[in-house]
Amino acid sequence: MAIRKVCGIETEYGIILRGAGESNPVTASSVLINAYVARAQRKVGWDFEDESPGRDARGFAREGSMAPEVETHLVNAVLTNGARYYVDHAHPEYSSPECADALECVRYDKAGERILARSVEAAAAVLPAGQDVVILKNNSDRKGNSYGTHENYLMDRAVPFSRIVHHVMPHFVSRQIYTGAGKVGSEVSSVSSADVPFQLTQRADFFEEEVGLETTLKRPIVNTRDEPHADAQKYRRLHVIVGDANLCEVATYLKVGVTAIVLAMIEDDFFGELDLTLATPVQAIRHVSYDLTLRQPLELADGRRLTALEMQWELLDLARKYAEDRGLEAVDDEVGRDVLRRWETTLTGLEVDPMQLSGQIDWVAKYTLVDAYRDRRGLRWDDHKLAAMDLQYHDIRPERSLFARLDTERLLSEESVTEAITEPPKGTRAYFRGKCLQRWASSIAAANWDSMVFDLGTDPLRRVPMMEPLRGTAAHVDTLLEGCTSPAELLERLGS
């Protein structure tokens, strides 16, 4: 049986420091994060002891490929909700805590947006007069630079990586029809606004390889980073770099929920004779993004031709059979069945009239907004006003965000999202991390995904390993934590 698909989302946010002359995004990101942490909690830094971004799931790295650098000198904090908040190259990045299902993933992704908005307010109090920070939850600065929104899924180490690549590649290419955040124009030099006035995704322009280790150059559709942040003998973490930063809750829910089901089917070797292998995946990912009609067929390796929408229907049909035969315990049965229902409703809507999904899917919401403005003003698609609207859609300040003005479907109450800003999820090890930070931050030297380092004032430092993502939950540790009056007592009872 497939293991539980513990999941999470890492989001690099676009940042602009205005009023300071030439903007330094690294400095601006540091000011932003430090201002928030100083106001919200005691700062606990990240433990880099177990970082290994250069390990390749294929057991080798192709000549010329490069792993991402680990910049240990930049600000890097752990939050009381179990998340990581840090400067990644030239961007503030919020990495959600480990979540037990797709709905919880949406909750903590939305909490990240609120944290960034609060960070802007905190930074305003420390920046010189006349300076302010603008934060965008998007994936492109429209100057040829792209930054990522990465998903992570827990998988069984015993599953051959080649099987994962074989079946997940068609899904990643075709799922853009509901995961895309939409984009005015293209940043490929050979593609004009006449050729592509608007496309489904922000990221498709920037992928050049089918499979690989890199995340910033020669980006691959399937990333091979083998850094499980858990027991490496039992688990792998599928690091997904091919998605967009979504603002619509339903889009994020489908992005994570459907992918988790597809991965569970791969893990259980349930695909049987269904083979959707594409002839040219890199070209196909752009073709899908550029096709607002959703009717352009893609060539498969066996000579057949299917549209991205038809490929998703094939996967949905298989997922229904999987749910009947094996169940959906790996993705939470209740959440999984709701994902199946919404997946079908979304594909039906895309088939009949995509524009009716403006309340659920980002690319439709943005297109509807921008195209209406363009039509009223009689503008060409290459007008700079439309490019500015594209960016403003993603502004995380509620008073400036075009997205915030839209009536999009909410899956979660604002109270639930606000609680998630400071409280960790109860169903994963993030609960133990977050609760320890709430109670004993002054005694924690550092933390990361799979361990916490305590400093009790005496040598040596004490490390508590957390190699099982589904241990350290509220059910596992609430009684223990309530019974401890100090971190020393906690460590004694843990036997650490």
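Preceding this paragraph is the structure being described.
(A) Summary view of the overall build of the protein. A tally of regular secondary structure across the protein gives 14 helices and 18 strands. Expected size for 496 residues packed as a compact globule is a radius of gyration near 23 Å; at 22 Å, the protein falls within 12% of this value. With respect to the principal axes defined by its C-alpha atoms, the protein has extents near 65 × 60 × 45 Å. Buried residues in the protein amount to 60% of all 496 residues. At a minimum sequence separation of 6, the contacts of the protein that also span at least 24 residues come to 72%. Carbon and sulfur atoms form 48% of the exposed surface of the protein, whose accessible area is close to 19,700 Å². The centroid of the 58 positive side-chain charges in the protein is displaced by 3 Å from the centroid of its 78 negative side-chain charges.

(B) Looking closely at the state of the cysteines. A full pass over the atoms with the stated rule returns zero disulfides. The closest cysteine sulfur to the non-disulfide-bonded cysteine 248 is located on cysteine 105, 16 Å from its own sulfur.

(C) Representation of helix H6 (residues 281-290) within the structure. Inspection of H6 places Pro281, Val282, Ala284, Ile285, Val288 and Ser289 among the buried residues, and these make up the whole buried set. Projected onto a plane normal to the axis of H6, the buried residues spread over an arc of 165° and lie on a single side.

(D) Structural detail: the pairing of strand S17 (residues 451-454). Neither face of S17 is open: one carries Ser451 and Val453, the other Met452 and Phe454, and all of them are buried. Bridge analysis of strand S16 (residues 444-447) against S17 gives three bridges, and the strand direction is antiparallel. The residue of S17 that forms the bridge with alanine 447 is methionine 452. Turn length for the S16-S17 hairpin, with the two strands adjacent in sequence and antiparallel, is three residues. With four bridges joining them, S17 and strand S18 (residues 462-465) adopt antiparallel strand pairing. Paired with phenylalanine 454 across the strands is arginine 462, a residue of S18.

(E) Highlighting the pattern of salt bridges. Counted according to the given criterion, the structure contains 38 salt bridges. Here arginine 326 ties to aspartate 325 by a salt bridge, and the two come within 3.2 Å at their closest N and O atoms. When its relative accessible area of 32% is taken as the criterion, arginine 326 is described as partly exposed. A relative accessible area of 52% places aspartate 325 in the exposed class. Residues arginine 342 and aspartate 338 are paired through a salt bridge, measuring 3.5 Å at the closest nitrogen-oxygen approach. Residue arginine 342 and its partner aspartate 338 are located together in helix H8 (residues 333-352), separated by four residues, close to a single helical turn. Since its relative accessible area comes to 14%, arginine 342 is described here as buried. For aspartate 338, a relative accessible area of 22% corresponds to the partly exposed category. Residues joined by salt bridges that share partners form a network here, namely Asp109, Lys110, Glu113, Arg114, Lys137, Glu249, Arg410 and Glu414.

(F) Seen up close, the packing of helix H5 (residues 249-267) against H8. The N-to-C vectors of H5 and H8 enclose an angle of 115°; their axes lie 9 Å apart at closest approach. Between H5 and H8, the angle is such that the two are roughly perpendicular. For the pair H5 and H8, the crossing hand works out as left-handed. Of the residues in H8, those touching H5 at Val250, Tyr253, Leu254, Gly257, Val258 and Ile261 are Val335, Gly336, Asp338, Val339, Leu340, Arg342, Trp343 and Thr346. Residue composition of the contact of H5 with H8, by class: nine nonpolar, three polar and two charged.

(G) Highlighting unusual backbone geometry. Phi at histidine 229 is positive, roughly 55°, even though this residue is not glycine. Positionally, histidine 229 belongs in the loop between strand S12 (219-223) and strand S13 (235-243). On the accessibility criterion, histidine 229 (10% relative accessible area) is buried. Its identity is not glycine, yet aspartate 269 carries a phi of approximately 50°, on the positive side. The topology assignment puts aspartate 269 in the loop between H5 and H6. Taking relative accessible area as the criterion, aspartate 269 reaches 48% and is therefore assigned partly exposed.

(H) Broad picture of the packing of aromatic side chains. The tally for this structure, following the rule as stated, stands at seven aromatic pairs. A centroid spacing of 5.1 Å and a plane angle of 75° characterise the contact between phenylalanine 270 and tyrosine 322, whose relative ring orientation is edge-to-face. Taken as a pair, phenylalanine 270 in the loop between H5 and H6 and tyrosine 322 in helix H7 (residues 308-326) lie far apart in primary sequence, 52 residues in all. Neither residue differs from the other here; phenylalanine 270 and tyrosine 322 are each classed as buried. Measuring from centroid to centroid gives 5.9 Å for tyrosine 367 and tryptophan 381, while their planes differ by 15°, and the two rings are stacked. Taken together, the positions of tyrosine 367 in helix H9 (residues 362-377) and tryptophan 381 in the loop between H9 and helix H10 (384-393) put the pair 14 residues apart, joining distant regions of the chain. Each of the two residues, tyrosine 367 as well as tryptophan 381, counts as buried. Linked through ring pairs, Phe198, Tyr367 and Trp381 together constitute an aromatic cluster. Residue placement shows arginine 84 over the ring face of tryptophan 46; its charged tip is 4.2 Å from the ring centre. Directly above the aromatic system of tyrosine 86 lies the positively charged group of arginine 84, at a separation of 3.9 Å from the ring centroid.

Rules and cut-offs
- Residues numbered from 1 in each chain as written.
- Predicted model: local features only at pLDDT ≥ 70, side-chain atom pairs only at ≥ 80, totals over all residues.
- Heavy atoms only, no water.
- Helix = DSSP H or I, 4+ residues; strand = E, 2+ residues; numbered from the N terminus.
- Rg over C-alpha atoms; globule rule 2.2 N^0.38 Å.
- Buried < 20%, exposed > 50% of the residue type's maximum accessible area, 1.4 Å probe, protein only.
- Contact = heavy atoms within 4.5 Å.
- Areas by Shrake-Rupley, 256 points an atom, 1.4 Å probe, with all protein chains shown as cover.
- Lys, Arg positive; Asp, Glu negative; His and termini not counted.
- Charge placed at Lys NZ, Arg CZ, Asp CG, Glu CD.
- Disulfide = S-S within 2.5 Å.
- Arc of directions from axis to C-beta.
- Pairing = 2+ DSSP bridges.
- Salt bridge = Lys/Arg side-chain N within 4 Å of Asp/Glu carboxyl O.
- Axes fitted to C-alpha atoms, helices over the stretch in contact; angles between N-to-C directions.
- Parallel < 35°, antiparallel > 145°, perpendicular 65-115°, else oblique.
- Left-handed = near helix turned anticlockwise from the far one by under 90°.
- Nonpolar A, V, L, I, M, F, W, Y, C, P; charged D, E, K, R; others polar.
- Phe/Tyr/Trp six-rings, centres within 6.5 Å; stacked < 30°, edge-to-face > 60°.
- Lys NZ or Arg CZ within 6 Å of the ring centre and 35° of its normal.

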